[in-house]
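Structural overview for review
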Amino acid sequence: KAGVTQTPRYLIKTRGQQVTLSCSPISGHRSVSWYQQTPGQGLQFLFEYFSETQRNKGNFPGRFSGRQFSNSRSEMNVSTLELGDSALYLCASSATGGLGNTIYFGEGSWLTVV
Amino acid sequence: TQLLEQSPQFLSIQEGENLTVYCNSSSVFSSLQWYRQEPGEGPVLLVTVVTGGEVKKLKRLTFQFGDARKDSSLHITAAQPGDTGLYLCAGDQGAQKLVFGQGTRLTINP
């Protein structure tokens, strides 16, 4: 079956702009989470959605937001972009997000803020 | 906040050598996962360890979970160039919230 699909794969934005990233989870998976990966901070948890509800949130400013649709697809949005937001944004999905669930990552969206 | 410390951060060895990567925490995790990430791709799950003292083998890779479920190790026997990549350990906090170590960038030289 198809894996986690993220779009776009690469994008360049200017400081102050906003960006929306999209994620389609593996079919049947209802839990979707987002991570930010940078060389300095590594992989950091942003938030997780299950059945259109945010269940868990990492330590990121309110400029980072997300949502999940009824078909489990998810989007994340970053407003008022800063240079430090340049990163690889990874989406992951699992069946229910419960402990022990296998988590599958997408290939990520590379965001460059100039 | 639960933190995972991974060591070494960088490792470059010759083909055929053995190596061990360590992942340590002061906190207990219900499970710990090891991922491998190649450039331009997302992390790919290698193994999940759940029980203290558990040992899992994946071909030339051996994963161990500490008795107290605070630490883990990854041992590679007879490393090959194809093992090159970023190895990440991650502790599971539930609701898909994984706490990742900084990663070990492994280079196997032919």
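Figured I'd write up the structure that's included with this text. (Residues numbered from 1 in each chain as written. Chains lettered and ligands numbered in written order. Predicted model: local features only at pLDDT ≥ 70, side-chain atom pairs only at ≥ 80, totals over all residues. Heavy atoms only, no water.)

1. Here's the deal with the sheet that holds strand 1 (residues 5-7) of chain A
All names here are of chain A.
- Pairing in this open sheet of four strands is antiparallel, and the strands run 1-3-8-7 from one edge to the other. Across the chains shown, the open sheet's two edge strands, defined by having one partner strand only, are strand 1 and strand 7 (64-68). Going across the sheet, the axis of each strand differs from the next one's by a mean of 20 degrees, ignoring polarity.
- Here strand 1 runs beside strand 3 (residues 19-24); their pairing, made up of three bridges, is antiparallel. Bridge pairing links threonine 7 to serine 22 in strand 3. (Pairing = 2+ DSSP bridges. Helix = DSSP H or I, 4+ residues; strand = E, 2+ residues; numbered from the N terminus. Axes fitted to C-alpha atoms, helices over the stretch in contact; angles between N-to-C directions.)

2. Remarks on the interface of chain B and chain A
- Each partner contributes residues to the interface: chain B has 20 residues there, and chain A has 30 residues.
- Summed over both sides, the interface between chain B and chain A buries roughly 1,800 Å², with carbon and sulfur atoms accounting for 53% of that surface.
- Connecting chain B to chain A are zero salt bridges.
- The interface formed by chain B and chain A contains four residue pairs in polar contact (both at pLDDT 80 or more).
- Broken down by secondary-structure element, the contributors of at least two residues to the side of chain B that touches chain A are strand 4 (32-37), strand 9 (85-92) and strand 10 (98-100) of chain B.
- Along the lines of polarity and charge, the residues of the side of chain B that touches chain A split into eight nonpolar, nine polar and three charged. (Contact = heavy atoms within 4.5 Å. Buried area = accessible area lost by both parts, 1.4 Å probe. Salt bridge = Lys/Arg side-chain N within 4 Å of Asp/Glu carboxyl O. Polar contact = N/O pair within 3.5 Å; in protein donor to acceptor, adjacent residues only side chain to side chain. Nonpolar A, V, L, I, M, F, W, Y, C, P; charged D, E, K, R; others polar.)

3. Details of the pattern of salt bridges
Residue and element names in this part refer to chain A.
- Counting across every chain of the model gives nine salt bridges over all chains.
- A salt bridge links arginine 9 to glutamate 107, with the shortest nitrogen-to-oxygen separation between them at 3.7 Å. Of this pair, arginine 9 sits in the loop between strand 1 and strand 2 (10-13) while glutamate 107 sits in the loop between strand 10 (104-105) and strand 11 (109-113), and the two are 98 residues apart along the sequence.
- On the basis of relative accessible area, arginine 9 is assigned to the partly exposed category, the value being 24%.
- Glutamate 107 sits in the partly exposed class, given a relative accessible area of 41%.
- For glutamate 75, the salt bridge goes to arginine 73, with nearest N and O atoms at 3.5 Å.
- Residue glutamate 75 is classed as buried on the basis of its relative accessible area, which comes to 17%.
- By sharing partners, the salt bridges in this structure join Arg63, Glu82 and Asp85 into a single network. (Buried < 20%, exposed > 50% of the residue type's maximum accessible area, 1.4 Å probe, protein only.)

4. Remarks on the sheet that holds strand 6 (residues 55-58) of chain B
Residue and element names in this part refer to chain B.
- Across the sheet, five strands lie side by side as 1-3-8-7-6; this open sheet has antiparallel pairing. Lying at the two open borders of the sheet, with one neighbouring strand each, are strand 1 (5-7) and strand 6. For this sheet, the mean inter-axis angle between neighbouring strands, taken without regard to orientation, is 15 degrees.
- In the sheet, strand 3 (residues 19-24) pairs with strand 8 (residues 71-76) via six bridges, with the strands oriented antiparallel. Within the sheet, the bridge partner assigned to leucine 19 lies in strand 8 and is isoleucine 76.

Nothing here speaks to function; it is all geometry.
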